Amino acid sequence: MSDMPVSNRVRKIVEENGEVRTIFLEYNVPGAIPGQFVMLWLPRVDEKPLALSYLNGEAAVTVQRKGKFSEEIFKLRKGDYIGVRGPYGNGFDVNACKKPCIIAGGMGMAPLAPLVEKLAKKKPVVIMGASGKERLIFRDRIGKICKVEYTTDDGSCGKKCFASDILAGVIEREKIDVVYGCGPEQMLKKVYEICKKNKVECQLSLERYMHCGFGVCGSCAIDGFRVCVDGPVFSSKQLSKMSEFGKFARLKYGKKVGLSEYYNWRE
Ligand SMILES: Cc1cc2nc3c(=O)[nH]c(=O)nc-3n(C[C@H](O)[C@H](O)[C@H](O)COP(=O)(O)OP(=O)(O)OC[C@H]3O[C@@H](n4cnc5c(N)ncnc54)[C@H](O)[C@@H]3O)c2cc1C
Ligand code: FES
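These numbers come from a predicted model, not from an experiment. (Residues numbered from 1 in each chain as written. Chains lettered and ligands numbered in written order. Predicted model: local features only at pLDDT ≥ 70, side-chain atom pairs only at ≥ 80, totals over all residues.)

Looking at where Val-10 falls in the secondary structure, it is placed in strand S1 (residues 2-17). Distance from Val-10 to Lys-78, taken between C-alpha atoms, is 5.0 Å for residues 68 residues apart in sequence. Residues within four places of Val-10 in sequence aside, it is in contact with Ile-23, Leu-76, Arg-77, Lys-78, Gly-79, Asp-80 and Ile-82. (Helix = DSSP H or I, 4+ residues; strand = E, 2+ residues; numbered from the N terminus. Contact = placed C-beta atoms within 7 Å.)

Three or four residues apart is the spacing at which side chains of an α-helix point the same way, because the helix has 3.6 residues per turn. Burial analysis of helix H2 (residues 109-118) places eight of its ten residues in the buried class, which makes it a mostly covered element. What H2 keeps buried is the set Met-109, Ala-110, Pro-111, Leu-112, Ala-113, Pro-114, Leu-115 and Val-116. (Buried ≥ 20, exposed ≤ 12 C-beta atoms within 10 Å, placed from the backbone.)

A few words now on the site of ligand 1. Close to ligand 1 lie 26 residues; Lys-48, Gly-67, Phe-69, Ser-70 and Glu-267 are nearest. Within the residue set of the shell around ligand 1, elements represented by two or more residues are strand S4 (46-54), strand S5 (60-64), helix H1 (68-73) and helix H7 (259-264). Across the shell around ligand 1, the residue classes tally to 15 nonpolar, four polar and seven charged. Shared between two domains, the shell around ligand 1 holds at least three residues of each, these being domain 1 (2-88) and domain 3 (207-232 + 243-267). (Near = placed C-beta within 6 Å. Nonpolar A, V, L, I, M, F, W, Y, C, P; charged D, E, K, R; others polar. Domains from an automatic or database assignment.)

Moving on, we come to the sheet that holds strand S12 (residues 201-205). Read across the sheet, seven strands follow the order S10-S9-S8-S7-S11-S12-S15 without closing on themselves; strand pairing throughout is mixed. Where the open sheet ends on each side, the last strands, each with one partner, are strand S10 (159-160) and strand S15 (233-235). Note: strand S11 (residues 178-182) against S12, five bridges, orientation parallel. Bridged to Val-178 within S12 is Glu-201. Docked against the sheet, H2 engages strand S7 (100-105), strand S8 (125-130), S11 and S12, running at close to 155° with respect to S7. (Pairing = 2+ DSSP bridges. Axes fitted to C-alpha atoms, helices over the stretch in contact; angles between N-to-C directions.)

Attention now moves to the domain arrangement of the protein chain. Where the parts come together, the accessible area they lose is often given as the size of the interface. Partitioning the protein chain into structural domains gives domain 1 (2-88), domain 2 (94-205) and domain 3 (207-232 + 243-267). Averaged C-alpha coordinates put domain 1 and domain 2 at centres separated by 24 Å. The interface is formed by 13 residues belonging to domain 1 together with twelve residues belonging to domain 2. Those elements that provide at least two residues to the side of domain 1 that touches domain 2 are S1, S4 and S5. For the side of domain 1 that touches domain 2, the element with the highest residue contribution is S4, accounting for four residues. Residues of the side of domain 1 that touches domain 2, tallied by class, amount to six nonpolar, six polar and one charged.

On to unusual backbone geometry. Trans peptide bonds make up most of the peptide bonds, and negative phi angles are found at most residues other than glycine. With an omega of 10°, the peptide bond running from Gly-86 to Pro-87 counts as cis. Mapped onto the elements, Pro-87 comes out in strand S6 (residues 81-88). Residue Pro-232 is reached from Gly-231 by a cis peptide bond, and omega for that bond is 10°. With respect to the helices and strands, the residue Pro-232 is situated in the loop between strand S14 (225-226) and S15. Phi is positive for Phe-138, close to 60°, though the residue is something other than glycine. Tracing the chain through its elements places Phe-138 in the loop between S8 and helix H3 (139-143). Classification of Phe-138 by C-beta neighbours within 10 Å gives buried; the count is 22.

Take a look at the structure:
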């Protein structure tokens, strides 16, 4: 593990859709497990946290176009130099389950895809939701491994509903004992409530604004936890202690705002 950016190079770029790209790295990120992230540095631009979306002997990050930093990621070409530090965070506990369900909202599939691959022998059930068909990432990759149930807001693929709307049915029908999730926090809050009601454990990956990525600056704090070192993956028990979960997050300079303001904020 390195707390200093290590020089790496873009080995390959895969277009997932018009707004999302996967950047494969020339050099692996040793010791990384599903759910961990790296701080990716673009010299003269910025450094930002990104989940590792491939871990099967190769490392990659999958990035959605949002603001200044991701626009610059979209300008990268094969062979370009980037800096990578990490891996950071705790990652998912793959030994906690017998029959897992993995639920992803939109880009939440990025850290969950290597988890699906890791848990393949346990025959996970995946629920993949997005606003529309074109926003569902890694469909072929995940569909090859296990049963996938799709939901879209506009009904263009699978059921026309939110991913969390079908979770209770899946838990009951498939006898799920642990739910792993990542996606918009409003969705994760619903997932948490459904798991609580159905008495199954969950492990959910949260996002907060990160500067350092390794526990010293406090920018990613949520109710006494630091998302970069205590998370980003939190258990049901930890989530039950968080009054800000599903409600508030902090902007770059620490101002506490509602979640929709946080997600719509642009630097
Ligand atoms: C643990 C973790 C894993 C992440 N994994 C991914 C991923 O796999 N793919 C992906 O596309 N995005 C991921 N993100 C979010 C990613 O860091 C932002 O999308 C990215 O920084 C956007 O930068 P921007 O300049 O393009 O947009 P901006 O205009 O700067 O911001 C757009 C939005 O991105 C988020 N964001 C911006 N800066 C940060 C920061 N320093 N820390 C945390 N969130 C930030 C905020 O929600 C903000 O509203 C992850 C964030 C965290 C905390
Ligand atoms: S990002 Fe600095 S403490 Fe978490």
